[in-house]
Amino acid sequence: MQSICRVCSDITVEGSQFCKVHDRAYVQLEAAFGKWQVAYSSEVTKRAFLERLLQLPETGQRAREVAGFLLEKASQ
Amino acid sequence: MTTLIITEKPDAALHVAEALQYEGEPRKFSFKGVPVYEVKRTVERILVCSALGHLYKVDQAGISQRRQYPVWEYVWKPIHLAEHGRERQRRCLNAIAEMAKEADAFVNACDFDVEGSLIGYMILKHARAGADVTAKRMKFSTLTPEELRRAYDHMLPQLDFPLVNAGLCRHEVDWLYGINLSRALTESARKSSGGYATLSTGRVQGATLRFVVEREQEIETFVPVPRWEIQATVDVDGETLHAELEVEKFDIKAEAEKVAAVSDGKEGSVEDIKSQTSHVAPPFPFDLSSLQAEAYRHFRMVPRQSLGVAERLYLDALISYPRTSSQKLPPSIDYRELLQRLSKNPNYERQAAALLDIRDLHPNEGKNADPAHPAVYPTGALPKRSLEPREFKVYDLIVKRFMATFGHPAARETIKATISVNGLRFYLRGSRITAAGWIDFYKPYARFEDVTIPPVSKGTRVKFLSVKAVEKFSQPSPRYNQSSLLREMETNEIGTKATRAEIIETLFRRAYIKGNRIEATPLGIQIVSVLEKYCARVLDVGFTRELETMMDTIELGKEKKQRVVDEAIRHLKPVMDELKAHEQEIGEELSSTIKQTPTTELALSVACPKCGRRLHVVRSRKSGKRFIGCIGKWEGVCSFTLPLPQLGTLTLLDQTCSKCGFQLVKVASKGRRPLVTCPMCYIKN
């Protein structure tokens with residue numbers, strides 16, 4: 001059975017909770033978090049990272065949507 | 001003896017006739033409603049008649065079933081039989097066929113390239129049996145009388161068949177790809193949604209759209225990463241300057257802050273000064289791509305507009321043929337004589353005179369050559385009419401670029417002072433032009449800003465007023481603009497210099513892309529998604545390039561046209577099988593996006609006559625009525641609008657009005673004959 005993307009209700013890619021574009025954004029986001037931790041000497045939490053991403057104009061729209069989803073999920 | 005000469009456009013016919021008439025003016029008369037020029041020589045009577053671009057096109061063989069696909073059988077048809085509203089073309093073909101009966105010799109004097117060779121060949125082939133075999137070919141790059149006379153006196157003994165075959169092949173392959181893929185998409189969507197929307201793609205169009213969609217997705221999924229730059233302000237002998245740290249950026253905040261802490265407020269000293277003079281070579285003469293790029297950079301003129309303007313200047317015999325990939329000037333032209341002619345134009349008098357003082361005039365040429373035409377250069381002729389502002393801008397750019405190629409290299413002096421503070425190195429940089437050379441000839445298009453630093457010597461004390469670690473974030477790749485997208489196509493060797501700008505326009509017209517900083521629309525993204533899923537090969541740049549290379553080899557006479565067409569069909573057939581088998585899924589995937597795509601995204605290919613910006617079909621939110629509006633309205637600078645018929649399905653045609661040149665529209669209503677009209681003439685009448 002096909003499952004739907006947690007962000008946009010499109011069909012998910014295999015092994016992911018997201019559709020193709022949101023999955024790409026999610027992968028980028030996870031990779032970037034590692035770089036942020038190195039940059040701030042592990043002083044940045046995942047929540048702070050996601051909140052900051054939502055404020056930055058450079059963040060892509062799909063990445064923003066995934067960040068928003070992850071934040072919402074974390075607060076539940 | 002009567003010779004019939006065919007040119008590509010009416011203006012070219014006049015130039016050819018005037019050049020070949022030794023005394024007086026050629027006689028102009030109307031033959032079956034078509035203007036013809038008669039040139040009388042001692043023993044020869046020459047009739048010069050113009051085509052109106054292509055008079056033949058590829059179309060489906062037999063009765064055309066518009067919704068049927070795949071289609072493999074095709075024929076070349078007179079354009080008036082293949083398309084509605086081509087009355088002028090019908091008259092033109094009939095007149096040429098009638099004149100051909102009386103003619104003893106035939107000459108193709110269309111532009112010397114693939115399209116021009118094909119236009120002349122098709123007309124002559126069908127005008128009279130055997131005319132294409134006996135016809136000769138005029139080869140010229142400017143419409144100046146001298147060159148046209150030379151081209152007539154030294155004609156090629158027969159038509160340039162390698163170019164003709166390359167043209168036949170390109171049109172046939174592109175038609176097969178375009179008609180089959182577009183019909184597959186359109187029909188899939190129609191069957192699924194019940195509505196009708198024209199969806200198109202093609203061999204080059206699909207690959208180009210993919211560039212934009214890939215960039216769009218890269219931007220949409222971009223996650224920024226922090227980095228730190230050191231911003232230092234220093235005091236040197238009472239002057240405040242910015243200094244650069246030798247390390248450009250830091251990936252770790254603590255490291256950047258440490259650097260700031262050890263240098264902020266401290267005093268350092270100049271430990272080394274290096275001065276260097278480098279030479280900046282003059283630019284190459286313009287090929288079409290570099291002309292389009294410069295016209296975009298300086299005037300924000302999109303490639304299709306700059307090509308249109310350049311063609312207009314060519315038809316006025318002011319510049320050489322612009323559709324060229326050459327960066328070399330023809331050795332046959334007398335540069336000195338050309339500059340003397342340019343010096344008669346007050347705008348270039350000073351620069352031309354300065355160049356005429358140089359004893360040996362050698363242009364700085366690039367390595368790209370084009371066997372058909374040289375780089376774009378001015379003919380030196382004075383404009384016979386007042387040039388429109390856009391025409392003058394492009395003409396000025398071409399003239400100054402041409403002159404700049406003969407200039408001496410410019411000399412640029414750069415100074416780098418190294419300041420040492422607590423084991424760190426900072427730099428002060430300055431630069432200035434010490435000899436302008438070619439820059440003088442290319443003003444205002446060449447800009448070099450001098451950056452001065454005060455005189456310093458080893459040991460000069462430098463006070464670091466402020467050193468800060470500034471947080472920055474990585475940036476996504478920039479969106480394409482029309483110029484950079486065209487360059488991407490060129491780099492990937494897809495499309496031709498003649499078609500690239502038109503393909504970008506089609507993507508705008510189909511509402512697959514939008515904006516000056518080009519964005520892919522949801523429809524464009526969906527089209528690429530569907531094609532990627534069911535026929536990824538169609539979007540493959542490598543495959544498109546492979547076909548281009550094969551077509552180029554026909555042009556060189558090294559490959560047979562039919563073999564390339566067969567190869568293209570062999571690749572396309574399995575693609576069409578796949579599309580047909582998944583028609584329903586494709587339709588479902590496309591139809592929801594089509595419904596969300598508003599008509600406001602339909603863009604016209606002609607520019608706003610008032611301000612030159614893009615025109616769109618807009619639907620009023622208040623009244624619901626549709627009309628043509630200029631995008632300048634949103635910028636508050638232009639209020640140009642034109643009314644449109646309100647009922648029926650509106651389609652923007654690839655044809656322009658014969659009277660005013662505005663884009664034609666078609667309105668189709670159920671049970672009625674489609675109406676083809678010009679919105680501009682409609683309002684005037």
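Residues numbered from 1 in each chain as written. Chains lettered and ligands numbered in written order. Predicted model: local features only at pLDDT ≥ 70, side-chain atom pairs only at ≥ 80, totals over all residues.

This part is about the overall build of chain B. Helices and strands together make up the secondary structure of chain B, namely 21 helices and 23 strands. Taken over the C-alpha atoms alone, chain B extends approximately 90 × 70 × 55 Å along its principal axes. Counting over 685 residues, chain B shows a buried share of 41%. Once local pairs closer than 6 in sequence are excluded, the contacts in chain B between residues at least 24 apart make up 69%. (Helix = DSSP H or I, 4+ residues; strand = E, 2+ residues; numbered from the N terminus. Buried ≥ 20, exposed ≤ 12 C-beta atoms within 10 Å, placed from the backbone. Contact = placed C-beta atoms within 7 Å.)

This part covers the packing of helix α1 (residues 10–20) of chain B against helix α6 (residues 145–153) of chain B. Residue and element names in this part refer to chain B. The interhelical angle for the contact between α1 and α6, taken along N-to-C directions, is 80 degrees, at an axis separation of 9 Å. When the axes of α1 and α6 are compared, the pair comes out roughly perpendicular. Mapping the contact onto sequence places H15, V16, E18, A19 and L20 in α1 and P145, L148, R149 and Y152 in α6. Residues that form the contact of α1 with α6 fall into these classes: six nonpolar, one polar and two charged. (Axes fitted to C-alpha atoms, helices over the stretch in contact; angles between N-to-C directions. Parallel < 35°, antiparallel > 145°, perpendicular 65-115°, else oblique. Nonpolar A, V, L, I, M, F, W, Y, C, P; charged D, E, K, R; others polar.)

This paragraph deals with the domain arrangement of chain B. All names here are of chain B. Along its sequence, chain B is carved into domain 1 (2–159), domain 2 (167–221 + 480–596), domain 3 (226–282 + 410–473), domain 4 (288–404) and domain 5 (599–684). Between domain 2 and domain 5, the C-alpha centre-to-centre distance is 25 Å. Tallying the contact residues gives eight residues for domain 2 and seven residues for domain 5. Split by residue class, the side of domain 2 that touches domain 5 holds three nonpolar, two polar and three charged. (Domains from an automatic or database assignment.)

With 20 residues of chain A in contact, the opposing surface of chain B contributes 16 residues. Of all elements in the fold, only α1 (20–39) and α3 (61–75) of chain A reach the threshold of two or more residues within the side of chain A that touches chain B. Sort the elements by how many residues they give to the side of chain A that touches chain B and α1 of chain A lands first, with 10 residues. Here the residues of the side of chain A that touches chain B are counted per class, giving 11 nonpolar, five polar and four charged.

We now examine helix α11 (residues 303–315) of chain B. Residues and elements named next belong to chain B. When the terminal C-alpha atoms of α11 are compared, their 18 Å separation across 13 residues agrees well with the 18 Å that a helix rising 1.5 Å per residue should span. Of all the positions in α11, only P303, R304, Q305, S306, L307, V309, A310, L313 and Y314 are classed as buried. Buried residues in α11 make contact with α10 (288–299), α14 (389–404), α15 (482–491), α16 (500–509) and β17 (603–607). (Expected span 1.5 Å × (residues − 1).)

Let us now look at unusual backbone geometry. Residues and elements named next belong to chain B. Cis geometry marks the peptide bond from Y69 to P70, where omega comes out at 0 degrees. In this model, K443 is joined to P444 through a cis peptide bond whose omega is 5 degrees. The phi dihedral of K32 is positive, around 55 degrees, even though this residue is not glycine. Along the polypeptide, K32 turns up in the loop between β2 (27–31) and β3 (34–40). Classification of K32 by C-beta neighbours within 10 Å gives partly exposed; the count is 13. The backbone of R300 sits at a positive phi, close to 55 degrees, despite the residue not being glycine. By the secondary structure assignment, R300 is in the loop between α10 and α11.

The subject of this paragraph is the confidence of the model for chain B. Per-residue confidence for chain B gives a mean pLDDT of 90; residues scoring 70 or more make up 96%. Complex prediction metrics read pTM 0.81 and ipTM 0.97. (pLDDT = per-residue confidence, 0-100.)

For the rest of this paragraph, the subject is the sheet that holds strand β22 (residues 663–668) of chain B. Residue and element names in this part refer to chain B. Spatial ordering of the open sheet is given by β21-β22-β23, a layout of three strands whose pairing is antiparallel. Edge positions in the sheet fall to β21 (649–656) and β23 (675–677), since each has one partner strand and no second. With strand direction ignored, the average angle separating the axes of adjacent strands in the sheet is 25 degrees. In this sheet, β23 lies alongside β22 in antiparallel orientation, the contact comprising three bridges. Following the sheet pairing, V667 is matched in β23 by L675. (Pairing = 2+ DSSP bridges.)

Before going further, it helps to spend a moment on the nonpolar core. I6, V16, V48 and C49 of chain B are the most contacted members of the largest nonpolar core, which totals 165 residues. In terms of residues, this core owes the most to one element, helix α7 (residues 161–193) of chain B, which gives 13 residues. Setting aside residues no more than four positions away along its own chain, V48 of chain B makes contact with I5, T7, A13, V16, A17, V36, Y37 and V39 of chain B. One finds L29, A39 and L53 of chain A together with F222 of chain B within the second-largest nonpolar core, a separate group that totals 20 residues. (Core = buried A, V, L, I, M, F, W, Y, C linked by C-beta atoms within 7 Å.)

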